[in-house]
Amino acid sequence: MGFLDILLGRTKPVAPDLDQLFALPSAAVTLEAAAGFRPTGGGAVCFATVEGAAFEQTHREVQALLDADTDRGGVPVELHEDDYGYSWLVSQRSPEQLPQLVNDLHAVNSSMEVNGFGPQLLCSLAAFEDERGRRLALVYLYKRGTFYPFAPLPGSGQRRDSALELQVKATLANDLRIEQDLSRWFPVWGAPGL
């Protein structure tokens, strides 16, 4: 970073650190103890849809890699497109297999990055639920290298439980690199896997 960048207030963008995903299992223990949220086994990676043979080949390789897991015992990895035109590669595990789910998310992100599709990666999420049926996602922002909680309110409409999100932020401050800029806590309405 140069002198002119400092004077103009420019900052270097944070480099993605996919190893941050491996902090999710320990954060899940803290989240369950403090707020009663347990993993559902669902997770997904969101990316901007890309056309072309190179992307199709990468998608097939990722899907084959994850579907080759013989102890999955659930739904194979699936590709979904949301209402906003983004693609989601969804992995479903049993709730006690959060470390394996994290491995799936890391493998998808790494494969996309290695094959030159890093700029299309947007976020990854792992889903949680409490005994009252409230849903929560811990969302990893690829381009920021940080996490934030997303808690949609049940029922119709697109409303979120901001108080719960702030509670989770405080709870996980020592476990995850939490995104401090709340304007970057984007809602992921209708995200598959949540």
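Here's a quick rundown of the structure. (Residues numbered from 1 in each chain as written. Predicted model: local features only at pLDDT ≥ 70, side-chain atom pairs only at ≥ 80, totals over all residues. Heavy atoms only, no water.)

### Examining the sheet that holds strand 5 (residues 135-141)
With respect to topology, six strands assemble into an open sheet ordered 2-3-1-4-5-6, the strand pairing being antiparallel. Unpaired on one side and paired on the other, strand 2 (78-81) and strand 6 (146-150) mark the two borders of the sheet. Put simply, the sheet's adjacent strands are angled 25° from each other on average, direction ignored. Of the pairings in the sheet, the one linking strand 1 (residues 38-48) to strand 3 (residues 86-92) comprises seven bridges and is antiparallel in character. Residue pairing across strands places A48 opposite Y86, the latter belonging to strand 3. Sitting on the sheet, helix 5 (residues 162-171) is in contact with strand 5 and strand 6, with an inclination near 145° to strand 6. (Pairing = 2+ DSSP bridges. Helix = DSSP H or I, 4+ residues; strand = E, 2+ residues; numbered from the N terminus. Axes fitted to C-alpha atoms, helices over the stretch in contact; angles between N-to-C directions. Contact = heavy atoms within 4.5 Å.)

### Here's the deal with the nonpolar core
Ranked by internal contacts, the top residues of the largest apolar core, which has 54 residues, are L31, W88, F128, L176 and V188. Tallying contributions element by element places helix 4 (residues 98-114) first for this core, with seven residues. Excluding anything up to four places from it in sequence, L176 contacts A23, L24, A27, L138 and F147. (Core = buried A, V, L, I, M, F, W, Y, C linked by side-chain atoms within 4.5 Å. Buried < 20%, exposed > 50% of the residue type's maximum accessible area, 1.4 Å probe, protein only.)

### So, helix 4
Relative to the 24 Å expected for 17 residues at 1.5 Å per residue, helix 4 spans 24 Å between its end C-alpha atoms, a close match to the ideal helical length. When you tally the buried positions in helix 4, you get 12 out of 17 residues, the bulk of the element. Buried positions along helix 4 lie against helix 2 (24-35), strand 1, helix 3 (53-67), strand 3 and strand 4 (121-129). Immediately downstream of helix 4, the backbone of G116 shows phi near 90°, a positive value. (Expected span 1.5 Å × (residues − 1).)

### Some details on the environment of L176
Of note, L176 is situated in the segment after helix 5. Separated by 154 residues in the primary sequence, L176 and F22 have C-alpha atoms spaced 9.7 Å apart.

### Looking at the pattern of salt bridges
Here the structure, examined in full by the defined rule, presents eight salt bridges. Residues R177 and D17 are paired through a salt bridge, measuring 3.8 Å at the closest nitrogen-oxygen approach. Pair noted here: R177 is in the segment after helix 5 and D17 is in the loop between helix 1 (3-8) and helix 2, with a separation of 160 residues, a long-range link. You can call R177 partly exposed: its relative accessible area is 34%. A relative accessible area of 25% means that D17 is categorised as partly exposed. We note a salt bridge from E165 to R160, for which the minimum N-O separation is 3.0 Å. (Salt bridge = Lys/Arg side-chain N within 4 Å of Asp/Glu carboxyl O.)

### Some thoughts on the side chain of T146
Here T146 lies in strand 6. Only 2.7 Å separates the side chain of T146 from the side chain of E179, close enough to count as a polar contact. Here T146 is in contact with V139, Y140, L141, R177, I178 and E179, once residues within four sequence places are set aside. (Polar contact = N/O pair within 3.5 Å; in protein donor to acceptor, adjacent residues only side chain to side chain.)

### Focus on the packing of helix 2 against helix 4
For any two helices packed against each other, the geometry comes down to the angle between their axes and how far apart the axes lie. Two elements in contact, helix 2 and helix 4, have axes whose closest approach is 9 Å; the angle formed by their N-to-C orientations is 135°. In terms of orientation, helix 2 lies oblique with respect to helix 4. In the crossing of helix 2 with helix 4, the sense of the turn from one axis to the other is right-handed. Where helix 2 abuts helix 4, its residues L24, P25 and A28 lie against L98, P99 and V102. A per-class count over the contact of helix 2 with helix 4 returns six nonpolar, no polar and no charged. (Parallel < 35°, antiparallel > 145°, perpendicular 65-115°, else oblique. Left-handed = near helix turned anticlockwise from the far one by under 90°. Nonpolar A, V, L, I, M, F, W, Y, C, P; charged D, E, K, R; others polar.)

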